[in-house]
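Below are the chains, spelled out letter by letter.
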Amino acid sequence: DSGVTQTPKHLITATGQRVTLRCSPRSGDLSVYWYQQSLDQGLQFLIQYYNGEERAKGNILERFSAQQFPDLHSELNLSSLELGDSALYFCASSVGAKKGDTEAFFGQGTRLTVV
Amino acid sequence: EDKVVQSPLSLVVHEGDTVTLNCSYEVTNFRSLLWYKQEKKAPTFLFMLTSSGIEKKSGRLSSILDKKELFSILNITATQTGDSAIYLCAQGGSEKLVFGKGTKLTVNP
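Residues numbered from 1 in each chain as written. Chains lettered and ligands numbered in written order. Predicted model: local features only at pLDDT ≥ 70, side-chain atom pairs only at ≥ 80, totals over all residues. Heavy atoms only, no water.

## Concerning the overall build of chain B
Within chain B, the regular secondary structure consists of zero helices and 11 strands. Secondary structure elements in chain B, listed N-terminal to C-terminal, are β-β-β-β-β-β-β-β-β-β-β. Its C-alpha atoms give chain B a radius of gyration of 13 Å, within 12% of the compact-globule value 13 Å for 109 residues. A total of 109 residues make up chain B; the buried ones form 45% of that total. (Helix = DSSP H or I, 4+ residues; strand = E, 2+ residues; numbered from the N terminus. Rg over C-alpha atoms; globule rule 2.2 N^0.38 Å. Buried < 20%, exposed > 50% of the residue type's maximum accessible area, 1.4 Å probe, protein only.)

Spelled out as C-alpha cells, the structure:
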C-alpha cells in the first residue's frame, strides 16, 4: 500500500457526461500528479499541483481540469466525455515540488470506461 | 519534449533466468532516472538513480545509470514467476516524470 488513495476504483459512464476523480496523497506529501494510462499510450502526464497551486501541465485536454484543496487532496474533473477518454487514471504524490528530486508514489488508479 | 525509450518491449523467460532491461533517455532537464514495477494496477517504486556508475540493489534486482551514454539498465537475477510485470522507467525532470512505454516481462515456470 503506497498510502495514496484514489476513489472510485471503477467508473462507467456515458459519452457527454462529466465525472470527478478523487485523490488523497500520502501524509506529508505536498505534490500531487495526475497521469492517464491507455493501452497504446503508456503513462501520460496530465498535471501537477504543489501545495494547492498548479505547477506543471502536460498533455491535458481543455475538457479536463484539476484542483488541489487546502487539505491537499486533489480532484480531476473530466467533462464532455468521449469514448477515447476510457483509460486508467493514476494519481501520484511526492514530498517536494520538483518531481525529479523525490520518488513519486502511485495510487491504485481509477478505471474509467466511457460507453 | 523529453523522450524515454525502453527495450525490449516484451520479454519471455523461464524461472531462474537473468534478464536485463534497458532504458535510454534525453538529457534535457535531467534530474533522476526512476524504475517502477507495474503488476495489475499501480506502479510501485523500485529505484531512483541520480549518479552515474553507482549500482542500486534490492534483493535480486539491481540498477545502474550511465549519464554519459544516457541510459540505465535494470537487472533481475534468478527470475521468479512473481517478477512477471511491466517495468517502467521514467526520467525525472525539473517539473515532471516522463515515462517510457515499459517492458513487459513474463516469467514462465
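## Let's talk about the overall build of chain A
Of regular secondary structure, chain A possesses zero helices and 11 strands. Going residue by residue from the N terminus, the α and β elements of chain A occur as β-β-β-β-β-β-β-β-β-β-β. Scaling as 2.2 N^0.38, a compact globule of 115 residues should have a C-alpha radius of gyration of about 13 Å, and chain A matches this with 13 Å. If you line up chain A on its principal axes, its C-alpha atoms span 40 × 30 × 25 Å. The buried share among the 115 residues of chain A stands at 51%. A sequence separation of at least 24 residues applies to 55% of the contacts in chain A between residues at least 6 apart. Both charge centroids of chain A, one from 10 positive and one from 12 negative side chains, sit 1 Å from each other. (Contact = heavy atoms within 4.5 Å. Lys, Arg positive; Asp, Glu negative; His and termini not counted. Charge placed at Lys NZ, Arg CZ, Asp CG, Glu CD.)

## Some details on the state of the cysteines
Residue and element names in this part refer to chain B. One pass over the full model with this rule turns up two disulfides over all chains. Linked covalently through their sulfurs, Cys-23 and Cys-89 form a disulfide whose S-S length is 1.8 Å. Between Cys-23 and Cys-89, the S-S torsion sits near 70°, and that sign places the bridge as right-handed. In this pair, Cys-23 sits in strand 3 (residues 19–24) while Cys-89 sits in strand 9 (residues 85–92), placing the two residues 66 residues apart along the sequence. (Disulfide = S-S within 2.5 Å.)

## Brief notes about the side chain of Thr110(A)
Residue and element names in this part refer to chain A. By the element assignment, Thr-110 lies in strand 11 (residues 110–114). With relative accessibility at 0%, the residue Thr-110 sits in the buried group. Excluding residues that lie within four positions of it along the chain, Thr-110 makes contacts with Gln-6, Thr-7, Pro-8, Lys-9, Leu-11, Leu-21, Ala-87, Leu-88 and Tyr-89.

## What to know about the interface of chain A and chain B
Taken together, the 26 residues of chain A in the interface contact 19 residues of chain B. Contact between chain A and chain B buries roughly 1,900 Å² in total, counting both sides, with carbon and sulfur atoms accounting for 54%. Put simply, chain A and chain B have three residue pairs in polar contact (both at pLDDT 80 or more) between them. Among the residues forming the side of chain A that touches chain B, the class breakdown is 10 nonpolar, nine polar and seven charged. (Buried area = accessible area lost by both parts, 1.4 Å probe. Polar contact = N/O pair within 3.5 Å; in protein donor to acceptor, adjacent residues only side chain to side chain. Nonpolar A, V, L, I, M, F, W, Y, C, P; charged D, E, K, R; others polar.)

## Topic: the pattern of salt bridges
Residues and elements named next belong to chain A. In total, this model carries five salt bridges over all chains according to the counting rule given. In this structure, the salt-bridge partner of Arg-26 is Asp-29, at a minimum N-O distance of 2.8 Å. Asp-29 gets classed as buried once you look at its relative accessible area, which sits at 2%. A salt bridge links Arg-63 to Asp-85; the nearest nitrogen and oxygen atoms lie 2.8 Å apart. One end of the pair, Arg-63, is in the loop between strand 6 (53–57) and strand 7 (64–68); the other, Asp-85, is in the loop between strand 8 (74–78) and strand 9 (87–94), and 22 residues separate them in sequence. For Asp-85, a relative accessible area of 3% puts it in the buried group. Residues joined by salt bridges that share partners form a network here, namely Arg-63, Glu-82 and Asp-85. (Salt bridge = Lys/Arg side-chain N within 4 Å of Asp/Glu carboxyl O.)

## Description of the packing of aromatic side chains
The description of two aromatic rings rests on the distance between their centres and on the angle between their planes. Using the criterion set out here, one finds 11 aromatic pairs over all chains in the structure. Clustering of aromatic rings is evident, with ring pairs tying together Tyr35(A), Phe45(A), Phe90(A), Phe105(A), Phe106(A), Tyr36(B), Phe45(B) and Phe99(B). (Phe/Tyr/Trp six-rings, centres within 6.5 Å; stacked < 30°, edge-to-face > 60°.)

## A word on the sheet that holds strand 8 (residues 71–76) of chain B
Residues and elements named next belong to chain B. Across the sheet, five strands lie side by side as 1-3-8-7-6; this open sheet has antiparallel pairing. The sheet is open, and its two edges are formed by strand 1 (5–7) and strand 6 (56–58), each paired on a single side. Going across the sheet, the axis of each strand differs from the next one's by a mean of 15°, ignoring polarity. Relative to strand 8, strand 7 (residues 61–66) is paired through six bridges, and the arrangement is antiparallel. In the sheet register, Ile-64 faces strand 8, and the bridge partner there is Ile-73. (Pairing = 2+ DSSP bridges. Axes fitted to C-alpha atoms, helices over the stretch in contact; angles between N-to-C directions.)

## Let's talk about the confidence of the model for chain B
Taken over all residues, the pLDDT of chain B has a mean of 91, while the share at 70 or more is 96%. Confidence, expressed as mean pLDDT per element, reaches its minimum in chain B at strand 10 (residues 97–99) of chain B with 85 and its maximum at strand 8 of chain B with 97. (pLDDT = per-residue confidence, 0-100.)

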